[in-house]
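Here is how the chains run, residue by residue.
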Amino acid sequence: MTSQPPHVVGVELEGVSETTLWTLYQRASEAARRDRVLHDPMAVDLVAALDFPFEERFGASPGWAQWQGLRARTFDREVRRFLHDHPDGTVVALGEGLETQFWRVNNGRVRWIGVDLPPVIDLRRRLLPSSPRQELVASSVADGIWLDELDRKAGVMVTAQGLLMYLEPGQVHDLIAACAARIADGALLFDAVPRWLSERTQREPLGEPTGYRPPPWRWGIDAEEIRRIGATPNVAELRRLRLPRGRGAFFGYAVPLLARVPGLGDRFFSIMLARLGRRAAT
Ligand SMILES: C[S@@+](CC[C@H](N)C(=O)[O-])C[C@H]1O[C@@H](n2cnc3c(N)ncnc32)[C@H](O)[C@@H]1O
């Protein structure tokens, strides 16, 4: 880490903002393992620096931790690909939370905009080093302020990792349509929960044995929703991404195998890449 973050006493995040502590904790737990699937020493340092009872609040869950590690690695891979083709491009990390992806993928030229709710941005400012190429926007992603001020000349990748499930379906559709309408050369990278599961969390909230109850997921995908997103004007291509192979029977064998079964993808967690711009002529 470039500089050790100060020791922060009394982190107070609630509701959807607190979920950033959950994902940070999972990523850090994974990154702290010898056989980790994600190298993220900054996440490990952040957890150590925060005065927050992570394990008491969230419990220990190696399965979730590995999933978060594999998800972050998939996002990193796609951001690096984008930066390979657009080395001076802009990455907008929506719902960035306490992600440390900037430092994992920084090519020394990228412009980086992080958007999150004010309490999370405040915490981020207190904890993480700043760079002249990084900007933080404290607002709801639904406000679209970040989109108005975007420099689109060198290409834009918008990422939404662990975010869209917390928005209402109408907000997700508007967000995707707004990105596609305003970004002529770029991509939108997001993950999605299956619709059946998001509906279930609205009836009976997910919960950790510790008593922690994250907010219900409001939006999820199924085949119809994927068709709808793919038909958004200026979404040139929409595809589901494969996770890197993980450890153990589930992430090492079952997940890669199930990913090959046609039609099953919509039943599970997905990571999707939408290319924004004109469709190739057929
Ligand atoms: C599950 S966390 C994911 C954080 C980070 N992307 C990661 O993967 O570690 C969800 C994040 O989305 C943010 N968020 C939720 N709704 C939001 C909104 N309407 N506008 C901006 N950020 C939002 C939360 O504050 C939180 O930081």
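As the structure is a computational prediction, the values presented were derived from the model and not from experiment.

Caption draft 1: Representation of the side chain of threonine 100. Examined against the element boundaries, threonine 100 turns out to sit in the loop between strand 1 (90–94) and helix 5 (101–105). What makes threonine 100 buried here is its relative accessible area of 1%. For threonine 100, the side chain forms a polar contact with the side chain of aspartate 40, separated by 2.8 Å. Discounting chain neighbours no more than four positions away, the residues touching threonine 100 are Arg27, Asp40, Met42, Ala43, Leu46 and Leu128.

Caption draft 2: Examining the site of the ligand more closely. Surveying the vicinity of the ligand reveals 22 residues, the closest of which are Arg27, Gly95, Asp116, Val141 and Gln161. Here an oxygen atom of the ligand sits 2.8 Å away from a polar atom, N or O, in the side chain of arginine 27. One of the backbone nitrogen or oxygen atoms of glutamine 161 is found 2.8 Å away from a nitrogen atom of the ligand. If the ligand stood free it would expose 590 Å²; the protein chains cover 96% of that surface. With six residues, helix 1 (residues 15–31) is the largest single contributor of residues to the shell around the ligand. Looking at the shell around the ligand, its residues break down into seven nonpolar, ten polar and five charged.

Caption draft 3: Quick look at helix 8 (residues 169–182). The end-to-end C-alpha distance of helix 8, which contains 14 residues, comes to 20 Å, matching closely the 20 Å that a straight helix rising 1.5 Å per residue would cover. Taken together, the buried positions of helix 8 are occupied by Val172, His173, Leu175, Ile176, Cys179 and Ala180. Each buried residue of helix 8 lies within a common arc of 160° when the element is viewed along its axis, so the set occupies one face. Opposite the packed face of helix 8, turned more than 90 degrees from it, sit the exposed residues Asp174 and Ala181.

Caption draft 4: Examining the environment of glutamate 199 more closely. Here glutamate 199 shows up in helix 9 (residues 195–203). Residue glutamate 199 is classed as partly exposed on the basis of its relative accessible area, which comes to 35%. C-alpha separation for the pair glutamate 199 and proline 216, spaced 17 residues apart in sequence, amounts to 8.5 Å.

Caption draft 5: Molecular detail of the sheet that holds strand 1. Within the open sheet, the seven strands sit side by side as 3-2-1-4-5-7-6. Their pairing is mixed. Two strands lie at the open edges of the sheet, namely strand 3 (134–138) and strand 6 (235–240), each paired on one side alone. Within this sheet the neighbouring strands show an average axis-to-axis angle of 15°, counted without direction. Sheet analysis places strand 1 next to strand 2 (residues 111–116), joined by five bridges and oriented parallel. Paired with threonine 90 across the two strands is arginine 111, which belongs to strand 2. Against the sheet, helix 10 (residues 223–230) contacts strand 5 (186–192), strand 6 and strand 7 (270–276), and its axis sits at roughly 150° relative to strand 6.

Reading guide: rules and limits
- Residues numbered from 1 in each chain as written.
- Predicted model: local features only at pLDDT ≥ 70, side-chain atom pairs only at ≥ 80, totals over all residues.
- Heavy atoms only, no water.
- Helix = DSSP H or I, 4+ residues; strand = E, 2+ residues; numbered from the N terminus.
- Buried < 20%, exposed > 50% of the residue type's maximum accessible area, 1.4 Å probe, protein only.
- Polar contact = N/O pair within 3.5 Å; in protein donor to acceptor, adjacent residues only side chain to side chain.
- Contact = heavy atoms within 4.5 Å.
- Near = heavy atom within 4 Å.
- Areas by Shrake-Rupley, 256 points an atom, 1.4 Å probe, with all protein chains shown as cover.
- Nonpolar A, V, L, I, M, F, W, Y, C, P; charged D, E, K, R; others polar.
- Expected span 1.5 Å × (residues − 1).
- Arc of directions from axis to C-beta.
- Pairing = 2+ DSSP bridges.
- Axes fitted to C-alpha atoms, helices over the stretch in contact; angles between N-to-C directions.

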